[in-house]
Each structure stands twice: as C-alpha cells, then as structure tokens.
Amino acid sequence: MKKVTIAGGGVLGTQIAFMNAYNGNDTTIWLRSEGSIGRMEPKMKWVHDAVMADLEAAKKNPALVPAGFKTDEPFDADQAIQKAEEALKAIKITLDLAEAAKDADVIIEAVSEDPQDKIEFYNKLKPNLEEKTLLLTNSSSMLPSAFAKYTGDPSRYLAMHFANHIWKENLVEIMSQPETSKEAFDEAVAYAHSIGMDPVELHKEKAGYLLNSMLIPFLMAAQDLYVTEVASPEDIDKAWKKGTGAPRGPFEILDIVGLPTARNINHQFVNIPDEVAPFHYKLIEKQLDKMIANGETFYGKKK
C-alpha cells in the first residue's frame, strides 16, 4: 500500500482522498485547523452520497458504471458499494503536518487557489518532506514553476489536476515544470492510472492546463452576461444546455466548483484595465463577494 496525503479537504481534496482510499492507499487528509474539519464534513458527506447514488444506478444499469470504477474484472456493484463505504471510513484526518508527511509516497497539495496560501503550505511542508515523496499540486489555474522553489525539491514536484466528480469524470492533467525530472513525471502518470484515473500529459507548462484554459473563459463569459443584466443564471444555463446538449450549464458548474474558488480565480484579472478587459471582472468579483458573504450559491444556499 502506498501512503498518500492530501493537503486540503475542499471539493476536490475530499474526492481525491476517496479515490485513493478506494484503490487501497493508506490515505490521510491534512487540515490547517479544527474549523477546517467542520467545513470539510459536508463535502465528505456529499462525496459519500454522490458515490453511492452512482453505484446504485450502476447496479440497476451496468452501462452507468462510473469510469473511475471500471477495471478488467467484471463490475460487481454490491462489492463496489461495500468497498466505497469502507474506503470513506478508512480516511484519516490530521492537523499535524509532520505526521501527515511522514513516510508519504505521494503528497497532493489541494489548498485554496490563493498563491500565498500555497507558499505558506510549502514552507511548512519543506522541513518534513522526505526524499522519496512525490509532491503534486492540484492547482486549477496556477503554474507549478511559480512554487517550485518553495518545495525544497523541485525535481519531485509537478502538477496533477483532477476534474470534478473524479470517479466519473476520471480525467487527470499531468504537467511538469522546468525542473521536474522525467522519473517523477513517469511516476505521476503511473500513480494516476493506479487510482482509476485517465491521464493526459502536458508537454509544456500552461496556466489552466487543458481543461481550465477552455473552462475559465467560458465561466467568465456566463458571469459577465449575468452581472451586466443581460440574462438570469437559469436562462444562461438553459441556453447553453439546450444549444449544445451539455449536461450542465455554467452556473451549475460554478456551484459545484465553489464560489470561493471562482472568486480567487477571477481576482487574478481584476487589475486589467477596463478598456482592454474582455469581461467585467470587477463586477463579477463584487457579485461573488456578496454571495459568499451571504452563504449563497446560484441555485440556493451553500450546502
């Protein structure tokens, strides 16, 4: 068994932890404070409920087996349900970073999408990082090279970005930075396969990787239509889904991603002069700040 630590218990951190535990890894989530534990609990419950719903659906219809659960063996829904329940119970939680890093084969940084938060984490981790440990960042929009010097060993550091609902949308984007060794990159690809992911390899550093290079402008365009009072989130979503056949609209995606993450990404663009900015970033930030302060999402209250 590999020992895998996920730093952060957010929307994706909890999902990454689940898939590691499900695939037999000794899995720990490191959190910064007692308050973080309380904030993580509803996210973990959501993972539990969503996974169980998908497995129950696959039990009735084998065509609905989530991609991340498919193997060369025939799918046994009852066995998968039992294994998923056991995996969720097996995930450990700790506030002690030294304990979380000790003997870890893989550490995945999934803290908030804020440069200072990431730098603070790497500075705290560095004295505890072991030579064998593969260090991965799940940053959705930042280049790993921006943080490599803070890690202590850039040769073992690279990006691995997971898509949401990772047991179904089992895409993972693996991207090296200039100091990443080929050995570490190959290890990351093999590790991704071992937890049921389907990796794509990026041969050049690109902010946003492949998915978010396309997704972020799409979500910004939708929010721009809303904050400039062109249309409601419901009608914007309807236009996208009816017009393209997509299962979700941009505001449904924003609720899944989480408005704090959307706000942090948008904040990177607010200083672009208005006359050249493609979107109204300041208006978008004002709207997101208001909703976050009120505990709102586009389709209701924060869960």
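### Here's the deal with the pattern of salt bridges
Thought 1: Taken as a whole and judged by the stated rule, the model has 16 salt bridges.
Thought 2: Measuring nitrogen to oxygen at the nearest pair gives 2.7 Å for the salt bridge that ties Asp186 to Lys182. Highlighted residues: Asp186 and Lys182, both in helix α7 (residues 182-194), separated by 4 residues, approximately one helical turn.
Thought 3: Owing to a relative accessible area of 62%, Lys182 belongs among the exposed residues under this scheme.

### Structural notes on the sheet that holds strand β6 (residues 157-162)
Thought 1: Taken together, 8 strands build an open sheet; the order of strands is β3-β2-β1-β4-β5-β6-β7-β8 and the sheet is mixed. The open sheet has two free edges, formed respectively by β3 (92-94) and β8 (198-202), since each of these has just one partner strand. Strand-to-strand twist across the sheet, computed as the mean angle between neighbouring axes with direction ignored, equals 25 degrees.
Thought 2: In this sheet, strand β5 (residues 134-137) lies alongside strand β4 (residues 106-109) in parallel orientation, the contact comprising 4 bridges. Counterpart to Ile107 in the pairing with β5 is Leu135.
Thought 3: Where helix α1 (residues 11-22) meets the sheet, its contacts fall on β1 (3-7), β2 (26-30), β4 and β6, and the angle it forms with β1 comes to roughly 170 degrees.

### Some remarks on the environment of Ala239
Thought 1: For Ala239, the position within the fold is in helix α9 (residues 233-244).
Thought 2: The exposed category is assigned to Ala239, whose relative accessible area is 52%.
Thought 3: Once the C-alpha coordinates of Ala239 and Gly249 are considered, the two residues, 10 residues apart in sequence, prove to be 8.2 Å apart.

### Let's talk about empty space enclosed by the protein
Gaps left between atoms show up when a probe the size of a water molecule is rolled over them.
Thought 1: One pass over the structure, following the stated rule, counts 1 cavity of 30 Å³ or more.
Thought 2: Approximately 40 Å³ is the volume found for the largest cavity.
Thought 3: The class makeup of the residues in the lining of the largest cavity is 3 nonpolar, no polar and 4 charged.

### Quick look at unusual backbone geometry
Phi is mostly negative for residues that are not glycine, and the peptide bonds are mostly trans.
Thought 1: Despite not being glycine, Asp103 shows a phi value in the positive range, around 65 degrees.
Thought 2: According to the relative accessible area criterion, Asp103 is partly exposed, its value standing at 42%.
Thought 3: With a phi close to 55 degrees, His165 is a non-glycine residue in the positive phi region.

### Quick notes on the side chain of Lys118
Thought 1: Tracing the chain through its elements places Lys118 in helix α5 (residues 115-125).
Thought 2: Under the relative-accessibility criterion, Lys118 is labelled buried at 1%.
Thought 3: Of note is the side chain of Lys118, whose polar atom sits 3.4 Å from the backbone oxygen of Val111.
Thought 4: In this view, Lys118 contacts Glu109, Val111, Ser112, Glu113, Thr137, Ser139, Met142 and Phe147; residues no more than four positions away in its chain are not counted.

### Points about the layout of surface pockets
Thought 1: Here the second largest pocket defines a volume of roughly 240 Å³.
Thought 2: Around the second largest pocket sit 14 residues that line it, and Tyr22, Phe69, Thr71, Phe75 and Lys83 are the ones nearest its centre.
Thought 3: Counting residues per element, the lining of the second largest pocket draws most heavily on helix α3 (residues 77-90), which supplies 3 residues.
Thought 4: Looking at the lining of the second largest pocket, its residues break down into 5 nonpolar, 5 polar and 4 charged.

Cut-off values and rules
- Residues numbered from 1 in each chain as written.
- Predicted model: local features only at pLDDT ≥ 70, side-chain atom pairs only at ≥ 80, totals over all residues.
- Heavy atoms only, no water.
- Salt bridge = Lys/Arg side-chain N within 4 Å of Asp/Glu carboxyl O.
- Helix = DSSP H or I, 4+ residues; strand = E, 2+ residues; numbered from the N terminus.
- Buried < 20%, exposed > 50% of the residue type's maximum accessible area, 1.4 Å probe, protein only.
- Pairing = 2+ DSSP bridges.
- Axes fitted to C-alpha atoms, helices over the stretch in contact; angles between N-to-C directions.
- Contact = heavy atoms within 4.5 Å.
- 1 Å grid on protein atoms, 1.4 Å probe; cavity = no way out; pocket = protein on both sides within 12 Å on 5 of 7 lines; lining within 4 Å.
- Points joined across faces, edges and corners; volume = space filled by probe spheres on them.
- Nonpolar A, V, L, I, M, F, W, Y, C, P; charged D, E, K, R; others polar.
- Polar contact = N/O pair within 3.5 Å; in protein donor to acceptor, adjacent residues only side chain to side chain.

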